[in-house]
Amino acid sequence: MVRANGAVSLRELARVVQTSEVTVRRDVRALEAEGLLDRRHGGAVLPGGFTRESGFPQKSHLATAEKTAIADLAAGFVEEGEAIVVGAGTTTQELARRLARVPGLTVVTNSLLVAQALAHANRVEVVMTGGTLRGSNYALVGSGAEQSLQGLRVSRAFLSGSGLTAERGLSTSNMLSASVDRALVQAAGEVVVLADHTKLGSDTMFQTVPTDVITRLVTDEPPGHDDRAATELQALADQGVQIAVANGSGVGHGPGQPGQPGRDGGPGDRRGPRRDVPLPGQRRSHAPGGGAGGPQLRSAPSLSEASGGRVADLAPRRR
């Protein structure tokens, strides 16, 4: 299955072979010892280390339920009439499908898949960057893409990547993709990272978004046995990143806490249940340039302002 798809989740393996994830995890560990695959949190991939990047067909089969829940929750952060940028990726593609229902929205993207998802949304304007098509992820990259983003200013950037750690932030395996993602970040007032738990604690070759630039992380709840992902979430919160955690039903909640109806979770509310938790500390707004027009300290908007899902109960530890 790994050879056919490039990547596979432990949950899918357990379903196919009709056994427990504990058994599958043990067998995957044995296959890794033989050099046949590399383990990732929540799954396995073909060997390759920091520089290997799976193509779109492989990524689309990994953590699909988690990506759907993340996209459902992240869509609630987008308000009517906003201008945003959406980067390339399978999770951002899922987000784009949900943004088709937001009236008056303008979406700037370098992803053909994101643009395709919004192509028939008659109330959404899609602006594509220039650049050279990178076939493995259907994204436009290179100097043409970066130059088309110069002078652009939008409210939020929604990005995904190959790995996320508290130490380095978001990273990817491809230099050209990383460079365009950095240009997307420069155009945005705040940065929202979409990353399922399999990416937490994984570090890849090229840094795209440093941790101190990430305003929010939208992720799914790590399995109870995944101590590294839970530790990474707490470390990100300690550095001031606001965490929104979605469960399999698209309801946000804190790790280890059951999803509970929020005050905005009534019928017809597209934003879903939520709970407001203050952002630890202050975040910097990274506007392009420096001096008087450069980064300004600000408090990040509460979830009631951003129309998001619930936020995890992760606050900086007392030292």
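Further up the page is the structure itself.
Bear in mind that the values here come from a model prediction, so they are computed numbers and not experimental data.

So, a nonpolar patch on the surface
Consideration 1: Side chains of L112, M128, L133 and Y138 sit close together on the surface and give an oily, nonpolar patch of about 330 Å² of accessible area.
Consideration 2: Inspection of the secondary structure puts M128 in strand β6 (residues 124–128).
Consideration 3: The class for M128 is partly exposed, based on a relative accessible area of 35%.

Quick notes on the sheet that holds strand β10 (residues 163–165)
Consideration 1: Strands sit in the order β10-β11-β13 across an open sheet of 3 strands; the sheet is antiparallel. Strands at the two margins of the open sheet, each flanked by one partner only, are β10 and β13 (206–209). The mean inter-strand angle of the sheet, taken between neighbouring strand axes irrespective of direction, is 40 degrees.
Consideration 2: Summarising the sheet, β10 and strand β11 (residues 169–172) pair through 3 bridges and their orientation is antiparallel. Looking at the pairing, L164 lines up with L170 of β11.
Consideration 3: Sheet contacts for helix α9 (residues 175–186): β11 and β13; angle to β13, the most-contacted strand, approximately 20 degrees.

Examining helix α10 (residues 227–238)
Side chains of residues three or four places apart in an α-helix project in the same direction, reflecting 3.6 residues per turn.
Consideration 1: Counted at 1.5 Å a residue, the expected span for α10 with its 12 residues is 16 Å, and the 16 Å between its end C-alpha atoms agrees.
Consideration 2: Buried within α10 we find A229, E232, L233, Q234, L236, A237 and D238.
Consideration 3: Structurally, α10 contributes buried residues whose contacts are with β10, β14 (216–220) and β15 (242–246).
Consideration 4: Directly after α10, the chain includes G240, whose backbone phi takes a positive value near 95 degrees.

The rules behind these values
Residues numbered from 1 in each chain as written. Predicted model: local features only at pLDDT ≥ 70, side-chain atom pairs only at ≥ 80, totals over all residues. Heavy atoms only, no water. Patch = residues over 30% accessible without salt bridge, like charges linked within 9 Å, V, L, I, M, F, W, Y side chains within 5 Å. Areas by Shrake-Rupley, 256 points an atom, 1.4 Å probe, with all protein chains shown as cover. Salt bridge = Lys/Arg side-chain N within 4 Å of Asp/Glu carboxyl O. Helix = DSSP H or I, 4+ residues; strand = E, 2+ residues; numbered from the N terminus. Buried < 20%, exposed > 50% of the residue type's maximum accessible area, 1.4 Å probe, protein only. Pairing = 2+ DSSP bridges. Axes fitted to C-alpha atoms, helices over the stretch in contact; angles between N-to-C directions. Contact = heavy atoms within 4.5 Å. Expected span 1.5 Å × (residues − 1).

As far as function goes, none of this settles anything; it's purely spatial.
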